Amino acid sequence: MVKPLQGVKVLDLSKVLAGPLCAQYLGEMGADIIKVEPVGTGDETRGWPPFRAPGLGAVFLSANRNKRSIAVDLKTDQGRAIVHRLAETADVAIESFSTGVAERLGIDAPTLQALNPRLIHCSISGFGRTGPMRDAPGYDVILQAFCGVMALTGDAAGGHIRSPISPIDQMTGTHALSGILALLYQRELTGQGGTVNVSLYDTAMGLLGYNLQTFWEKGVQPAKCGSSHESLCPYQAFEAADGPIMLGVANDNLWRKFCAAAGLHEIVDHPDFRSNADRVRNRARTLAHVQAALAHGTVGHWHETFSQAGIPCSPINSLEQLLAHPHTAASGIVMEYEHPKGGALKAIGQPVRFDGKPPEPGLPPPDLGQHTDAVLAEIGFSGSEITALRASRAIG
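Here is a short report on the structure shown in this document. Counting restarts for each chain, with residues numbered from 1 along the sequence as it is written. Two thresholds apply to this predicted model, a pLDDT of at least 70 for residue-level local features and 80 or more for giving and counting side-chain atom pairs, whereas whole-chain, interface and lining totals are computed over all residues. The basis for the side-chain values is all heavy atoms of the structure; hydrogens and waters are excluded.

Let's talk about the environment of Ala81
Then comes step 1: For Ala81, the location among the structural elements is in helix α3 (residues 77-88).
Then comes step 2: Exposure remark for Ala81: the relative accessible area of 40% places this residue in the partly exposed category.
Then comes step 3: Each C-alpha atom of the pair Ala81 and Lys218 lies 56 Å from the other, and the pair is 137 residues apart in sequence. A run of H or I in DSSP becomes a helix once it reaches four residues, and a run of E becomes a strand once it reaches two; helices and strands are each numbered from the N terminus. The rule is simple: take the accessible area with a 1.4 Å probe, protein chains only, and divide by the maximum for that residue type; under 20% is buried, over 50% is exposed, in between is partly exposed.

Here it is in structure tokens:
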């Protein structure tokens, strides 16, 4: 099958998660991804445990399939010359260095686009490239704290909680992907490249869109609401007889279905509970009625009962339970592949289906510098030149 981005060449100069994930998605769409890593250390997530093998940390494995790795010292003239030669024929370059570093290394947009006006340059940062915070380092958890996400997360009586799925990093990578795809399309019309700038700060602000809209309306800091939603009720986890179950009664039609299934006939049309606004206003009483009803049945009973009635609900699964569920196997989202050093591995594919086909694993995550010689040969370096570059430590 011809993939959508077949023939597109990408320089992945990024590290950690947002940039590498964006590049991996481009690779899964068929682009040729050349991952440019520092000599000796490589992407820092290679060293984040747990490890499948040396240099193959779990986070690295999750975001670096379908790439070829070259190890280049960008602090040397020879190293910069290599990247410049690669940029001359590349379609996309992605970098995620601190503000000002790309310019010092000669991989900023003006420098690379002077060599190749058709190049699309994507810059990923913590707080953006302008403004008083432009020089501040940015990691997902820092932006969760700075942008108020952490102040919304968890229970009112609990401590400060980090969302463990790194949503800001992952969504920043997705925004970078959408920007790059848009400019690839625009380039077909104009013949010219362009720049994409994304930041963890902008991503966090985007994710807070409806929370901030609510704040502007009410003018007060929302209380932490655990598994619930301040605008919906009942819409949270409840304790069944043998464990927790998540319930999502998101409108009044579902409320009527829920009351019928749970035996709450006496309150379904009560003026204190008839509409969602009524239930939100009388939240404590609504929750008390719902909890009392659910305590008399098991999670399995309620899940089956509510599912048959079309009421959104779910057991609160562990990762093991998720992976064992028949729907996970049927979805094809979990891929299996072989790594030369890591052996049999599993991975989550890109959550996009083209023509109904499930994702394929493609190339395994590379070892550091695994493809240096091959990539340099492709752009005209001779064997003796490659040997000399390695002797000078410009490449690894």
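Back to the write-up after that little detour.
Focus: the pattern of salt bridges
Then comes step 1: By definition, a salt bridge exists where a carboxyl oxygen of Asp or Glu is found within 4 Å of a side-chain nitrogen of Lys or Arg. In this structure the tally under the stated criterion is 18 salt bridges.
Then comes step 2: Between Asp12 and Lys35 there is a salt bridge, with the nearest N and O atoms lying 3.8 Å from each other. Placement of Asp12 in strand β1 (residues 9-13) and of Lys35 in strand β2 (residues 32-37) is noted, with a sequence separation of 23 residues between them.
Then comes step 3: In this structure, the salt-bridge partner of Arg65 is Glu28, at a minimum N-O distance of 3.1 Å.

What about the layout of surface pockets?
Where empty space is left can be seen by rolling a probe of water-molecule size over the atoms.
Then comes step 1: The method works on a 1 Å grid over the protein atoms by themselves. A cavity is a set of points holding a 1.4 Å probe that cannot get out, a pocket is an open set with protein on both sides within 12 Å along at least five of seven lines, and residues with an atom within 4 Å of a point line them. Grid points are joined across faces, edges and corners, and a volume is the space filled by probe spheres set on the points. The space that makes up the largest pocket amounts to roughly 1300 Å³.
Then comes step 2: Residue polarity is assigned by list, with Asp, Glu, Lys and Arg as charged and Ala, Val, Leu, Ile, Met, Phe, Trp, Tyr, Cys and Pro as nonpolar; anything else, Gly included, falls into the polar class. Of the residues contributing to the lining of the largest pocket, the split by class is 25 nonpolar, nine polar and seven charged.
Then comes step 3: Roughly 710 Å³ of internal volume is contained in the second largest pocket.
Then comes step 4: Considering the residues around the second largest pocket, the lining is formed by 24 residues, among which Val149, Leu152, Thr153, Tyr210 and Asn211 are closest to the centre.
Then comes step 5: If you list the elements that add at least two residues to the lining of the second largest pocket, you get α7 (149-152), α8 (167-190) and α10 (209-218).
Then comes step 6: The leading source of residues in the lining of the second largest pocket is α10, at three residues.
Then comes step 7: The residue inventory of the lining of the second largest pocket, partitioned by class, reads 13 nonpolar, ten polar and one charged.

Topic: the packing of α8 against helix α9 (residues 200-207)
Then comes step 1: An axis is simply a line fitted to the C-alpha atoms; with a helix, the fit covers only the stretch in contact. Between two such axes, the angle follows the N-to-C directions and lies from 0 to 180 degrees. Close contact between α8 and α9 brings their axes to 9 Å; oriented N to C, the two are set at 100 degrees. As far as their axial angle goes, α9 and α8 are roughly perpendicular. Contact with α8, carried on its side by Pro167, Ile168, Asp169, Met171, Thr172 and His175, involves Leu200, Thr203, Ala204 and Leu207 of α9 and no other residues of that element.
Then comes step 2: Among the residues forming the contact of α8 with α9, the class breakdown is six nonpolar, three polar and one charged. Here is the rule for angles: anything less than 35 degrees is roughly parallel, anything more than 145 is roughly antiparallel, 65 through 115 is roughly perpendicular, and the remaining ranges are oblique. Only heavy atoms enter the contact rule, under which two residues are in contact if any of them lie within 4.5 Å.

Considering the environment of His160
Then comes step 1: Here His160 lies in the loop between α7 and α8.
Then comes step 2: A sequence separation of 15 residues divides His160 from Ala145, and the C-alpha atoms of the two residues are 9.0 Å apart.
Then comes step 3: Dropping the residues within four chain positions of it, His160 is found in contact with Met150 and Lys224.

Remarks on the side chain of Lys224
Then comes step 1: Mapped onto the secondary structure, Lys224 falls in the loop between α10 and β9 (235-240).
Then comes step 2: Charge counting follows a simple rule: Lys and Arg are positive, Asp and Glu are negative, and His as well as the terminal groups are ignored. Summary of buried charges: Lys224 has no salt-bridge partner, and the nearest side chain of opposite charge, Asp155, is 9.2 Å away.
Then comes step 3: Distance and chemistry together define a polar contact, namely a pair of N or O atoms within 3.5 Å, with one atom able to donate a hydrogen and the other to accept it when in protein, and with adjacent residues in sequence counting only for side-chain atoms on both sides. For Lys224, the side chain forms a polar contact with the main-chain oxygen of Gly159, separated by 3.1 Å.
Then comes step 4: If we ignore the near neighbours within four places in the chain, the residues touching Lys224 are Met150, Ala151, Leu152, Thr153, Gly154, Asp155, Ala156, Gly158, Gly159 and His160.

What about the sheet that holds strand β7 (residues 120-125)?
Then comes step 1: Pairing between strands is defined by DSSP: at least two bridges between the two strands are required. If you walk across this open sheet you meet the six strands as β5-β2-β1-β6-β7-β8, and the pairing is parallel. Strands with a single pairing partner mark the edges of an open sheet, and in this sheet they are β5 (67-71) and β8 (194-199). Between one strand axis and the next, the sheet turns by 20 degrees as a mean value, whatever way the strands run.
Then comes step 2: With six bridges connecting them, β7 and β8 associate as parallel partners. Bridging across to β8, Ile124 finds its partner in Val198.

Focus on the packing of aromatic side chains
Then comes step 1: Each aromatic pair joins two rings of Phe, Tyr and Trp (for Trp, the six-membered one) with centres within 6.5 Å, and gets the label stacked for planes under 30 degrees apart, edge-to-face for over 60, and tilted for any other angle. A complete count under the given rule lists six aromatic pairs for this structure.
Then comes step 2: Between Trp302 and Phe306 the ring centres are 5.1 Å apart and the planes differ by 20 degrees, which places this aromatic pair in the stacked class. In this pair, Trp302 and Phe306 both sit in helix α14 (residues 299-308), four residues apart, roughly one turn of the helix.
Then comes step 3: By relative accessible area, Trp302 is classed as buried at 5%.
Then comes step 4: Residue class for Phe306 comes out buried when judged on its relative accessible area of 1%.
Then comes step 5: Each residue in the set Trp255, Phe258, Trp302 and Phe306 is aromatic and connected to the rest through ring pairs, giving one cluster.
Then comes step 6: Working rule: Lys NZ or Arg CZ, within 6 Å of ring centre, within 35 degrees of ring normal, means a charge sits over the ring. Across the ring face of Phe381, the terminal group of Arg85 is positioned such that the distance to the ring centre comes to 3.9 Å.

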